[in-house]
Amino acid sequence: SRVTPSLPHSKMPSLTQLATSLWFIFSLLVAWPLLLLVQIPFFIAHKYLGHDPRRVWLGNIFRFFNALALWSNPFIRIRTKHDHRVPKKTQKVIVTSNHQSNLDPFVLSASLLPLETKYVGKGSLFSLPLGGWAMTLAGDIPIHFVSKSYTDMTTVKGSSRKCMETMASTLTGGCGFAVFPEGK
């Protein structure tokens, strides 16, 4: 399947880029607090009642609220080609994608709904207020890097191994994961 957001940054005037970014940030600032209010009861049911052991509901709620932030943006239009190839229910699948902009994970998850996949992400993202907390609740998979630089992809000792083990158990548990091999 191929996802193409209509955001040709090199051809967009900088005012449109700014409006797109500001709209998206504002949308996330509205969506993420609401997301946590919805996610917390599901997390309590997961943690104390044993419901949703794969955190499929928690992940789908997170991805849906992120998709709302995209869909509400008048400057972004998402077209998905070959979406008949995307499974319609949660199953063992590995999704890989290029990572050219910070919108990529949002566009990918919005285009894959209702397929729930756990995302491998930079460990520092998991400590961000609201969005990072929601990633943790959704069961996404952190990988920790030594440097914050995009050019240095050296991981903290043991982080790659833990990430690979978590990805393997995610697949064994019947859920898929998404990874951006080239990072960003």
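Here, the structure is the one placed above.
For every chain, the first residue of the written sequence is number 1, and numbering continues from 1 along that sequence. In view of the model being predicted, local features appear only for residues whose pLDDT reaches at least 70, and side-chain atom pairs are presented and counted only at 80 or more, with totals across whole chains, interfaces and linings using the full set of residues. Derived side-chain values reflect all non-hydrogen atoms in the structure, with water molecules and hydrogen atoms excluded from consideration.

(A) Summary view of the environment of Leu-128. Secondary structure elements are defined from DSSP: runs of H or I of at least 4 residues count as helices, runs of E of at least 2 residues count as strands, and each element is numbered from the N terminus. Mapped onto the elements, Leu-128 comes out in the loop between β4 (117–122) and α4 (131–138). In this structure Leu-128 comes out as partly exposed when scored by relative accessible area, which is 39%. Once the C-alpha coordinates of Leu-128 and Ser-169 are considered, the two residues, 41 residues apart in sequence, prove to be 25 Å apart. To sort residues, take the accessible area from a 1.4 Å probe on protein chains only and compare it with the maximum for the residue type: under 20% means buried, over 50% means exposed, and anything in between is partly exposed.

(B) Summary view of the sheet that holds strand β3 (residues 94–96). Here, a strand pair is defined by DSSP locating no fewer than two bridges between the strands. Read across the open sheet, the 4 strands follow the order β3-β6-β4-β5; overall the sheet is parallel. The strands lining the two open edges of the sheet, one partner per strand, are β3 and β5 (141–143). Across the sheet, the mean angle from the axis of one strand to that of its neighbour is 25 degrees, orientation sign disregarded. Residues count as neighbours in contact if any of their non-hydrogen atoms are within 4.5 Å of one another. As a rule, the C-alpha atoms of each element are fitted with a line to give its axis, helices using only the stretch in contact, and angles between N-to-C directions run from 0 to 180 degrees. Contacting β3, β4, β5 and β6 (176–179), helix α5 (residues 159–172) runs over the sheet at an angle of about 160 degrees to β5.

(C) Local environment of the packing of aromatic side chains. Between 30 and 60 degrees the pair is tilted, below 30 it is stacked and above 60 it is edge-to-face, where a pair is any two Phe, Tyr or Trp rings, Trp via its six-membered ring, whose centres lie within 6.5 Å. Tallied over the full model, the rule gives 4 aromatic pairs. Taken together, a centroid distance of 5.9 Å and an interplanar angle of 15 degrees make the contact between Phe-42 and Trp-57 stacked. Taken as a pair, Phe-42 in helix α1 (residues 14–49) and Trp-57 in helix α2 (residues 56–71) lie far apart in primary sequence, 15 residues in all. Note on Phe-42: relative accessible area 34%, which makes it partly exposed. Note on Phe-64 and Phe-65: the rings are 6.1 Å apart at their centroids and 85 degrees apart in plane angle, and the pair reads as edge-to-face. An aromatic cluster is built from Phe-64, Phe-65 and Trp-71, whose rings are joined through pairwise contacts.

(D) Inspection of the packing of α1 against α4 at higher detail. In the contact formed by α1 and α4, the axes pass within 10 Å of each other and the chain directions differ by 25 degrees. One way to sum up the angle between α1 and α4 is to call them roughly parallel. The hand of the α1/α4 crossing is left-handed. Residues Trp-32, Leu-35, Leu-36, Gln-39 and Phe-43 of α1 pack against Gly-131, Trp-133, Ala-134, Leu-137 and Ala-138 of α4. Three categories are distinguished: nonpolar for Ala, Val, Leu, Ile, Met, Phe, Trp, Tyr, Cys and Pro, charged for Asp, Glu, Lys and Arg, and polar for the others, with Gly belonging to the last. For the contact of α1 with α4, a count of residues per class yields 8 nonpolar, 2 polar and no charged. Oblique is the label for any angle not covered by the other classes, which are roughly parallel (under 35 degrees), roughly antiparallel (over 145) and roughly perpendicular (65 to 115). Definitions for this section: a left-handed crossing has its near helix turned counterclockwise from the far helix by less than a right angle. A right-handed crossing has that turn clockwise.

(E) Up close: the environment of Tyr-48. Within the fold, Tyr-48 resides in helix α1. Each C-alpha atom of the pair Tyr-48 and Met-135 lies 19 Å from the other, and the pair is 87 residues apart in sequence.

(F) Looking closely at the side chain of Arg-63. Mapped onto the secondary structure, Arg-63 falls in helix α2. Overall, the relative accessible area of 3% leaves Arg-63 in the buried class. Two N or O atoms form a polar contact when they lie within 3.5 Å of each other; inside protein one atom must be a possible hydrogen donor and the other a possible acceptor, and for residues adjacent in sequence the pair counts only when both atoms belong to side chains. Within the local environment of Arg-63, its side chain forms a polar contact with the side chain of Asp-140, the two groups lying 2.6 Å apart.

It is worth stressing that arrangement in space is one thing and function is another; only the former is reported here.
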